[in-house]
Amino acid sequence: MFLPEYPDNPTPPPAHTHAPTDPMPVRRSLPSVSIDQKTVVALVVGGVVLTALLAAVAVTAISVAVAAVVLRSLLGEQHRR
């Protein structure tokens, strides 16, 4: 009976070799930011001012919308007469 001959090393050699990669570059740290009391106060005041401006714009928009509805109502009644 015929038996096939197997090689001594059953695993083939790797097709390519891995070249060592360069080490990762050292990450530079960001400069430290000091947060003092003046910075916090400035941020809070800025937030309050921006919130007040947004509220003023919203109130103005609602007022204009109400005035438009009232004027439309008044002008509509004139055309019916």
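Note that the coordinates shown come from a computational prediction; the quantities given were computed from them, not determined experimentally.

Asks: What is the right way to look at the overall build of the chain in this model?
Replies: The number of helices and strands found in the chain is 1 helix and 0 strands. Put simply, the chain has 81 residues, and 0% of those count as buried. Accessible surface, the chain: about 8,700 Å² in total, of which carbon and sulfur atoms supply 68%.

Asks: Could you clarify how one ought to interpret a nonpolar patch on the surface in this entry?
Replies: Nonpolar side chains collect at one region of the surface, where Val-33, Ile-35, Val-40, Val-44 and Val-48 lie side by side and expose about 500 Å² of accessible area between them. In this fold, Val-48 is placed in helix 1 (residues 37-80).

Quick notes on the rules
- Residues numbered from 1 in each chain as written.
- Predicted model: local features only at pLDDT ≥ 70, side-chain atom pairs only at ≥ 80, totals over all residues.
- Heavy atoms only, no water.
- Helix = DSSP H or I, 4+ residues; strand = E, 2+ residues; numbered from the N terminus.
- Buried < 20%, exposed > 50% of the residue type's maximum accessible area, 1.4 Å probe, protein only.
- Areas by Shrake-Rupley, 256 points an atom, 1.4 Å probe, with all protein chains shown as cover.
- Patch = residues over 30% accessible without salt bridge, like charges linked within 9 Å, V, L, I, M, F, W, Y side chains within 5 Å.
- Salt bridge = Lys/Arg side-chain N within 4 Å of Asp/Glu carboxyl O.

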